[in-house]
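Below are the chains, spelled out letter by letter.
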Amino acid sequence: MEEKKILIITYYWPPAGGPGVQRWLKFAKYLPDFGWKPIIYTPENPSYPLLDETLMKDVPENIEIVRTKIWEPYQLAEKLNKSNKKFKAGQFDVGNNQSWKSRLSIWVRGNFFIPDARVFWVKPSIQFLEKYLKENKIDTIVTSGPPHSMHLIGLGLKDKLPRLKWIADFRDPWTEISYYKHLKLTKSSDKKHRQLESAVFKNADITLATSYTDAENFRKAGAHAICITNGFDESDAGEKSGKQANQSAMFTLSYIGVLEQLRNPENLWKVLDELVRENDAFAQYFRLKFVGRIDDKILNSIENTSLKNHILNLGYLSHGKAVEEMQNSEMLLITNFPNESSKGIIPGKIFEYLASGKQILSFGPDQADVAKILDETQAGKHFGYSDNEIVKRFILEKFDLWKSGNLSENTQHIEQFSRKNLTKQLTAIL
């Protein structure tokens, strides 16, 4: 049987690093197993915030990749203010950490580049792809955002080719994402964002969400929305077995990934500071490890506490090395934005955390989708940002189990989140 073709329009593709690239990289890896031929459309000269050459190993052999040039204004923004490099990953200074340059840059970013600074790729891509789709007899496309400019490419193609099947994949929400309210938008800019988002919801044949709550919110906004979460690739995860085979010398709590100011668990640093000062055994064995990009201001604030000599900051590592560091930990930290509107965010790293079998310590709003996953898999505990005492008891409980050699690993009930099973779900929808 002849393979069916699907064009995947994505800004992020290897050698881009970080979680954003992995969703459709993994789908593309497994789609041929279910009779689909993926074709990738991506920029020729993108400006990626992170690079990870090791992800190239997952790019399917002989996959067709179509590239065209993009112009984006990040080089100009970085000349104005070096901290504007954070914009590429949807990060920026907040509150008292904002300088006048930061405030100006955020205002320009929110009001002049709608929905984002990759918007200049939209019109040339529509023009190029209209012809490409016809010539290659492709009738199914996916747009993956953020950047949500990718969805405007889908919107334009759907207008020109009404019979085209279009899946709009929202790895994160658009106007409901937590940093949206920090963009200093004018009323007219806010209106334009919401009009474009609504047009995508109403015109896409299917809107994919990565969380249960996001799918529900998208449906309320007029989308035909379905949830397919992110997941873990079994080829990236090592073998697990009940109790830890080799007791490590240190009780290590690790954060893997980017940690920005809007998701800073200040109460956790306070709890850990107290434990180090009050508990000699904990102070002797505890280590706080960061793998990825941690905001300088967060790191500086932690280093001004008793935790200073307990920090191991490894910086950004390749995906494979990051997975190794998960394995070399006793507990893994995940954080979310504190506001209720963020309860639907399921950070992609949680699935690799699950595959590691390690205990997960999570922070975010009440009734979060992350809490549901942790309860189902019995892989850890979710807390609010003011739950200091119960967080303290939870960490001490796991530390005492570790010290006695009884801290067990758990990978039960996680098969539903394997990348191959998720791809099977996707092809059922297709």
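Residue numbers restart at each chain and count upward from 1, following the sequence in its written direction. Local features in this predicted model are restricted to residues of pLDDT 70 or higher, and side-chain atom pairs are both shown and tallied only at a pLDDT of 80 or more, whereas totals for entire chains, interfaces and linings draw on every residue. Computation of side-chain values covers all heavy atoms of the structure but excludes hydrogens and water.

Peer 1: Provide a residue-level description of the overall build of the protein, including the pertinent values.
Peer 2: Counting from the N terminus, the helices are DSSP H or I runs at least four residues long and the strands are E runs at least two residues long. The helix and strand tally for the protein stands at 15 helices and 13 strands. Each residue's exposure class comes from its accessible area (1.4 Å probe, protein chains only) as a fraction of the maximum for that residue type: buried when under 20%, exposed when over 50%, partly exposed otherwise. Counting only residues that meet the buried cut, the protein has 58% of its 430 residues in that class. Any two residues whose heavy atoms approach within 4.5 Å at even a single point are treated as in contact. In the protein, the share of contacts with a sequence separation of at least 24, taken over all contacts with a separation of at least 6, comes to 75%. Only the protein chains shown count as cover for residues, and all accessible areas are computed by the Shrake-Rupley method using a 1.4 Å probe. Accessible surface, the protein as shown: approximately 18900 Å² in total, 49% of it carbon and sulfur.

Peer 1: Got a sec to walk through the side chain of threonine 377? Specific residues and values, please.
Peer 2: Mapped onto the elements, threonine 377 comes out in helix H13 (residues 369-377). Owing to a relative accessible area of 0%, threonine 377 belongs among the buried residues under this scheme. When near neighbours in sequence (up to four residues on either side) are disregarded, threonine 377 contacts Leu354, Asn410, Gln412, His413, Ile414 and Phe417.

Peer 1: Outline the pattern of salt bridges, supporting the account with residue identities and numerical values.
Peer 2: Take a side-chain nitrogen of Lys or Arg and a carboxyl oxygen of Asp or Glu: if they are within 4 Å of each other, that pair is a salt bridge. Summed over all chains, the structure comprises 22 salt bridges. One salt bridge connects aspartate 58 with lysine 57, and the closest N-O pair in it is separated by 3.4 Å. The class for aspartate 58 is buried, based on a relative accessible area of 5%. Lysine 57 sits in the exposed class, given a relative accessible area of 56%. The shortest N-O distance in the salt bridge between aspartate 190 and arginine 194 comes to 3.0 Å. Here arginine 194 and aspartate 190 lie together in helix H6 (residues 187-203), a separation of four residues that amounts to about one turn. On the basis of relative accessibility, which here comes to 24%, the residue aspartate 190 falls in the partly exposed class. Connected via shared salt-bridge partners are Lys26, Lys29, Lys57, Asp58, Asp233 and Asp236.

Peer 1: I'd love a proper account of the packing of aromatic side chains, names of residues and values included.
Peer 2: Only Phe, Tyr and Trp rings take part, Trp by its six-membered ring, and two of them pair if their centres are within 6.5 Å. Stacked means planes under 30 degrees apart, edge-to-face means over 60, and tilted covers everything else. What the rule picks out here adds up to 24 aromatic pairs. For the ring pair phenylalanine 113 and phenylalanine 120, a centre distance of 5.9 Å and an interplane angle of 70 degrees mean the geometry is edge-to-face. Two thresholds decide whether a charge sits over a ring: the Lys NZ or Arg CZ must be within 6 Å of the ring centre and within 35 degrees of the ring normal. Over the aromatic face of phenylalanine 337 sits the side chain of arginine 263, whose NZ or CZ is 5.9 Å from the ring centroid.

Peer 1: I'd like a rundown of the nonpolar core, residues and numbers included.
Peer 2: Nonpolar side chains tend toward joint burial in soluble globular proteins. With 61 residues, the main nonpolar core has Leu7, Ile9, Ile153 and Leu157 as its most contacted residues. Leave out the neighbours within four places in its chain, and leucine 157 touches Ile9, Ile126, Leu129, Glu130, Leu133, Ile141 and Leu164. To qualify as a nonpolar core, a set must consist of buried Ala, Val, Leu, Ile, Met, Phe, Trp, Tyr and Cys residues joined through side-chain atoms within 4.5 Å. Tyr255, Ile294, Ile311 and Trp402 belong to the second largest nonpolar core, which has 31 residues in total.

Peer 1: Describe helix H15 (residues 419-429), listing the residues and the values that go with them.
Peer 2: Here H15 has its buried residues at Arg419, Leu422, Thr423, Leu426 and Thr427. The arc that holds the buried residues of H15, viewed along the axis, is 145 degrees, so those residues lie on one side. Exposed residues pointing more than 90 degrees away from the buried face of H15 are listed as Lys424 and Ala428. In this description, the arc belongs to the directions extending from the helix axis to the C-beta atoms.

Peer 1: Give me the packing of helix H12 (residues 349-356) against H13: which residues, what numbers.
Peer 2: Helix-helix packing: each pair is described by the crossing angle between the helix axes and the interaxial distance. Lines fitted to C-alpha atoms define the axes, with helix axes restricted to the stretch in contact, and inter-axis angles between N-to-C directions lie between 0 and 180 degrees. The geometry of H12 relative to H13 is characterised by a closest axis approach of 12 Å and an angle of 15 degrees between their N-to-C directions. What the angle tells us is that H12 and H13 run roughly parallel. Between H12 and H13 lies a crossing of right-handed hand. Facing H12, whose interface residues are Ile350, Phe351 and Leu354, H13 presents Val370, Ile373, Leu374 and Thr377. Taken together, the residues of the contact of H12 with H13 break down into six nonpolar, one polar and no charged. Just so you know how the angles are binned, under 35 degrees is roughly parallel, over 145 roughly antiparallel, 65 to 115 roughly perpendicular, and the rest oblique. Throughout, a crossing is termed right-handed when the near helix is turned clockwise from the far one, and left-handed when it is turned anticlockwise from it by less than a right angle. Each residue gets one of three labels, nonpolar for Ala, Val, Leu, Ile, Met, Phe, Trp, Tyr, Cys and Pro, charged for Asp, Glu, Lys and Arg, and polar for the others, Gly among them.

Peer 1: Before we move on, could you go through the sheet that holds strand E1 (residues 4-10) and cite the residues and values that matter?
Peer 2: Only strands joined by at least two bridges in the DSSP assignment are considered to pair. Spatial strand order, E3-E2-E1-E4-E5-E6-E7: seven strands in an open sheet with parallel pairing. Looking at strand neighbours, the two that pair on one side only are strand E3 (64-68) and strand E7 (225-227), the edges of this open sheet. Between one strand axis and the next, the sheet turns by 25 degrees as a mean value, whatever way the strands run. Here helix H4 (residues 122-135) sits on the sheet and contacts E1, strand E2 (36-43), E3 and strand E4 (140-145); the angle it forms with E3, its principal contact strand, is near 145 degrees. Packing of helix H5 (residues 149-160) onto the sheet brings it into contact with E1, E4 and strand E5 (165-170), and relative to E4 it is tilted by some 155 degrees.

Peer 1: Let's hear about the environment of tyrosine 285: which residues, and what values?
Peer 2: Looking at the secondary structure, you find tyrosine 285 in helix H9 (residues 280-285). Among the residues examined, tyrosine 285 registers a relative accessible area of 28% and is labelled partly exposed. For the pair tyrosine 285 and histidine 310, spaced 25 residues apart in sequence, the C-alpha separation works out to 9.0 Å. What tyrosine 285 contacts, discounting residues up to four positions off in sequence, is Ala249, Met250, Phe251, Phe399 and Trp402.

Peer 1: How would you summarise the sheet that holds strand E9 (residues 286-291) if you had to cite specific residues and measurements?
Peer 2: Working definition: the strands of a sheet are paired by backbone hydrogen bonds and lie parallel or antiparallel to each other. Spatially, E10-E9-E8-E11-E12-E13 is the arrangement adopted by the six strands of the open sheet, whose pairing is parallel. Two strands close off the open sheet at either side, each with one partner strand: strand E10 (311-315) and strand E13 (380-383). Along the sheet, successive strands turn relative to each other by an average axial angle of 20 degrees, direction set aside. Inspection of the sheet shows E9 paired to E10 by four bridges, in the parallel sense. Note that in E10 the partner of valine 291 across the bridge is glycine 315. Helix-sheet contacts for helix H11 (residues 319-327) involve strand E8 (251-256), E9, E10 and strand E11 (331-335), and the interaxial angle to E8 is about 150 degrees.

Peer 1: Tell me what's going on with the confidence of the model for the protein, and back it up with residues and numbers.
Peer 2: Note on scores: pLDDT gives the predictor's confidence for each residue, bounded by 0 and 100. Of the residues in the protein, 88% have a pLDDT of 70 or more, and the chain-wide mean is 89. In this model, residues 239-245 is a region of pLDDT below 50 whose contacts with residues beyond four sequence positions or in other chains number 17 contacts.

Peer 1: Give a detailed account of the pairing of E9, specifying residues and quantitative values.
Peer 2: Consecutive side chains of a regular strand alternate in pointing toward one face of the sheet and then the other. With five of six residues buried, E9 is to be regarded as a mostly interior element. Sheet analysis places E8 next to E9, joined by six bridges and oriented parallel. If you follow isoleucine 256 over to E9, its bridge partner there is valine 291. Viewed with both strands pointing away, a crossover whose connecting path from the first strand over the helix to the second turns clockwise is right-handed. Note on the crossover from E9 through helix H10 (residues 296-303) to E10: the handedness is right-handed.

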